[in-house]
Amino acid sequence: MASRSQNRKFDKILAREEAGVLSSKSGSRALKKLFNNRLAVVGLILFSIIVFTAVFAPLFTSADPSKIDLRNMSKPPSLEHWFGTDKTGRDVFARVLYGGRVSILVGLGSGVISAIIGVLIGAYTAYIGGWLDVIALRISELFMSFPQIILVLLLVSIIGQSLINLMIIFVLTGWGGMYRMARARMLSLREEEYVQALQSFGLSTATICYKHILPNALGPIMVNITLSTAAFILAEAGLSFLGLGVPASIPTWGNILNVAQEIRVLQNFWWMWLPVGMVISLFVLSVNFIGDGLRDATDPSQQG
């Protein structure tokens, strides 16, 4: 009788689990811990301000970021042009705001897409193991073996410069690292006793893998997402500075820096590169602060 009663209880728990009725307060605990981290809060504030001003750029400036004004070339900051103008008379403040849209899209979009692909593949193949895991590992090594600059030169020479090409390159060179991290975490967690207990309940592979094991591995994965996002933004700025990234006709933070390649500009026209350089630095720092906060908040060993 006792065994039948226990089986009925297990069946009820299994039914509630599959229906998604069971829930925990770990999410609210993690959120509370995140907001108790001062650097994470500072990062969230800076991140929100920069993203908000970039998305709603028309609310903060009426200038056209691509409009050339030869009468106002290389003008210093003033009430009319807050960050001055560049060598062709374009408003630098407007270019920083509108350029943030593209740079953030490239960095954040590439980081999130790379993470989704890498984590989904890495978690599932590591959990089930076998030949599928071996094939996924070899494919990731293949993509990671190509230097980023080689892929940039290859695609630019074949297809031409474009925003989509740059994001494709970042995803191709970025998902492998996320895959290997998710795979390593899954290989260590799948041997835990609670996983064996879940398997005895008869839960599906996807439920055990993505709902129960993966949340315990989110700490380092979240940090890696933020680091890759910051790295992609810096890479976009560097590639655009070299003329290999987004086409020069599209305002981006990297293309704004592109005008400061000459020593004369660096020395005499600081407003063409200093404001955008500070914005890039603040945005990268804010993303890293958020990543550190997420790491502490989602680490199960630090949950109170």
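Just so we're clear, the structure is a prediction, and the values are computed from it rather than from any experiment.

Q: Let's hear about the pattern of salt bridges: which residues, and what values?
A: One pass over the full model with this rule turns up four salt bridges. In this structure, D86 and R90 form a salt bridge, with 2.9 Å as the shortest nitrogen-oxygen distance. Among the residues examined, D86 registers a relative accessible area of 3% and is labelled buried. By relative accessible area, which is 16% here, R90 ends up buried. The salt bridge partner of R138 is E141, with a shortest N-O separation of 3.5 Å. Of this pair, R138 and E141 both sit in helix α5 (residues 131–144), three residues apart, which is roughly one turn of that helix. Bridged by salt links that share partners, the residues R138, E141 and R180 form one connected network.

Q: Please give an account of the packing of helix α3 (residues 38–55) against helix α4 (residues 92–128) that cites residues and values.
A: Two elements in contact, α3 and α4, have axes whose closest approach is 7 Å; the angle formed by their N-to-C orientations is 120°. In this view, α3 runs oblique relative to α4, as classed from their interaxial angle. You can see that α3 and α4 cross each other, and the crossing is left-handed. Contacts from F47, I50, V51, T53, A54 and V55 of α3 reach α4 at L97, G100, R101, I104 and L108.

Q: Go over the confidence of the model for the protein chain, please, and point to the residues and values.
A: Per-residue confidence for the protein chain gives a mean pLDDT of 79, with 86% of residues at or over 70. Here helix α1 (residues 2–19) stands out as the least confident element of the protein chain, with mean pLDDT 62; α3 is the most confident, with 91.

Q: Could you give an account of α4, naming the residues involved and the relevant values?
A: The end-to-end C-alpha distance of α4, which contains 37 residues, comes to 53 Å, matching closely the 54 Å that a straight helix rising 1.5 Å per residue would cover. The sharpest bend along α4 measures roughly 30° and falls at G99. Summarising burial for α4: 26 of the 37 residues are buried, a large majority. Two or three places before F93, at the opening of α4, D91 has a side-chain oxygen 3.2 Å from that residue's backbone nitrogen. Of the residues trailing α4, G129 is marked for its positive phi of about 65°.

Conventions we followed
- All chains use their own residue numbering, which begins from 1 and follows the written sequence.
- Side-chain atom pairs in this predicted model are given and counted only at pLDDT of 80 or more, local residue features only at pLDDT of at least 70, and totals for whole chains, interfaces and linings cover all residues.
- The side-chain figures draw on all heavy atoms in the structure; neither hydrogens nor water molecules are used.
- The salt bridge criterion pairs a side-chain nitrogen of Lys or Arg with a carboxyl oxygen of Asp or Glu, the two atoms within 4 Å.
- Three labels apply to residues, based on accessible area from a 1.4 Å probe with only protein chains included: buried if under 20% of the type maximum, exposed if over 50%, partly exposed otherwise in between.
- Strands are runs of DSSP state E lasting at least two residues, helices are runs of H or I lasting at least four, and both sets are numbered from the N terminus onward.
- Note on definitions: angles span 0 to 180 degrees between N-to-C directions of axes, and those axes are lines fitted to C-alpha atoms, for helices only across the stretch in contact.
- Working rule for angles: under 35 degrees goes down as roughly parallel, over 145 as roughly antiparallel, 65 to 115 as roughly perpendicular, anything else as oblique.
- Each crossing gets its handedness from the near helix: less than a right angle anticlockwise from the far helix is left-handed, clockwise is right-handed.
- The contact rule is simple, with two residues in contact once any of their heavy atoms fall within 4.5 Å.
- As a per-residue measure, pLDDT tells how confident the predictor is, with possible values from 0 to 100.
- One less than the residue count of a helix, multiplied by 1.5 Å, gives the span that helix is expected to have.
- Bend, in this description, refers to the angle at a residue between axes fitted to the seven residues ending there and the seven starting there.
- Contacts described as polar in this section are N or O atom pairs within 3.5 Å, which, within protein, must combine one atom able to donate a hydrogen with one able to accept it, while residues neighboring in sequence count only if both atoms come from side chains.

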